[in-house]
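Analysis of the macromolecular model
The primary structure of each chain is shown beneath.
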Amino acid sequence: MDSPHGKMTGPLTLQQDGTKLTGSYETEHTGKLALKGNVDGEKIMLTMEVPGGQMTITFDGIKDGDKLSGTTKPLNGEWSAVRK
């Protein structure tokens with residue numbers, strides 16, 4: 001994920017229940033943060049609260065095989081993940 005602190009990498013774990021998504025994203029900079037969202041066909045949307053409630057980051061993206069990718073708001077960056 002692109003951030004004001006540079007590229008942030010780490011494991012993204014997602015669970016799907018129907019159209020609902022839950023999971024976590026863990027980086028050295030932020031630790032483990034909870035994600036929630038939904039899936040509609042190949043489109044996905046996730047939100048993540050930044051510690052302290054100062055900001056909510058929205059991940060909009062698409063699924064392409066084993067890869068997810070898209071953009072983040074309000075950071076206006078890009079993100080991607082690959083299934084392992």
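Above this text you will find the structure in question.
A brief report on the enclosed structure follows. Because the structure is a prediction, the values reported are computed rather than measured. (Residues numbered from 1 in each chain as written. Predicted model: local features only at pLDDT ≥ 70, side-chain atom pairs only at ≥ 80, totals over all residues. Heavy atoms only, no water.)

This part covers the overall build of the protein. Helix and strand content of the protein: 0 helices and 9 strands. In sequence order, the secondary structure elements of the protein are arranged as β-β-β-β-β-β-β-β-β. In summary, the protein has a C-alpha radius of gyration of 12 Å against a globular reference of 12 Å for 84 residues, a match within 12%. The buried share of the protein, reckoned over its 84 residues, is 30%. At a minimum sequence separation of 6, the contacts of the protein that also span at least 24 residues come to 14%. In the protein, the 10 positive side-chain charges and the 11 negative ones have mean positions that sit 2 Å from each other. (Helix = DSSP H or I, 4+ residues; strand = E, 2+ residues; numbered from the N terminus. Rg over C-alpha atoms; globule rule 2.2 N^0.38 Å. Buried < 20%, exposed > 50% of the residue type's maximum accessible area, 1.4 Å probe, protein only. Contact = heavy atoms within 4.5 Å. Lys, Arg positive; Asp, Glu negative; His and termini not counted. Charge placed at Lys NZ, Arg CZ, Asp CG, Glu CD.)

This next bit is on the packing of aromatic side chains. Taken as a whole and judged by the stated rule, the model has 1 aromatic pair. Between the aromatic rings of Phe59 and Trp79, the centroid separation amounts to 5.6 Å while the plane-to-plane angle is 85°, which identifies the pairing as edge-to-face. Pair noted here: Phe59 is in strand 7 (residues 56-64) and Trp79 is in strand 9 (residues 77-82), with a separation of 20 residues, a long-range link. One exposure class covers both Phe59 and Trp79, and it is buried. (Phe/Tyr/Trp six-rings, centres within 6.5 Å; stacked < 30°, edge-to-face > 60°.)

This part covers the sheet that holds strand 7. Ordered by their spatial adjacency, 7 strands build an open sheet running 3-4-5-6-7-8-9, and the pairing between neighbours is antiparallel. At either margin of the open sheet sits one strand with a lone partner, and together these are strand 3 (12-17) and strand 9. Averaged over all pairs of adjacent strands, the angle between their axes in this sheet comes to 25°, without regard to strand direction. Inspection of the sheet shows strand 8 (residues 67-73) paired to strand 9 by 6 bridges, in the antiparallel sense. Note that in strand 9 the partner of Leu68 across the bridge is Ala81. (Pairing = 2+ DSSP bridges. Axes fitted to C-alpha atoms, helices over the stretch in contact; angles between N-to-C directions.)

Take unusual backbone geometry next. Along the chain, Lys73 connects to Pro74 via a cis peptide bond; the corresponding omega equals 5°. For Pro74, the position within the fold is in the loop between strand 8 and strand 9. Backbone geometry at Asn76 places phi at a positive 55°, although glycine is not the residue there. By the secondary structure assignment, Asn76 is in the loop between strand 8 and strand 9.

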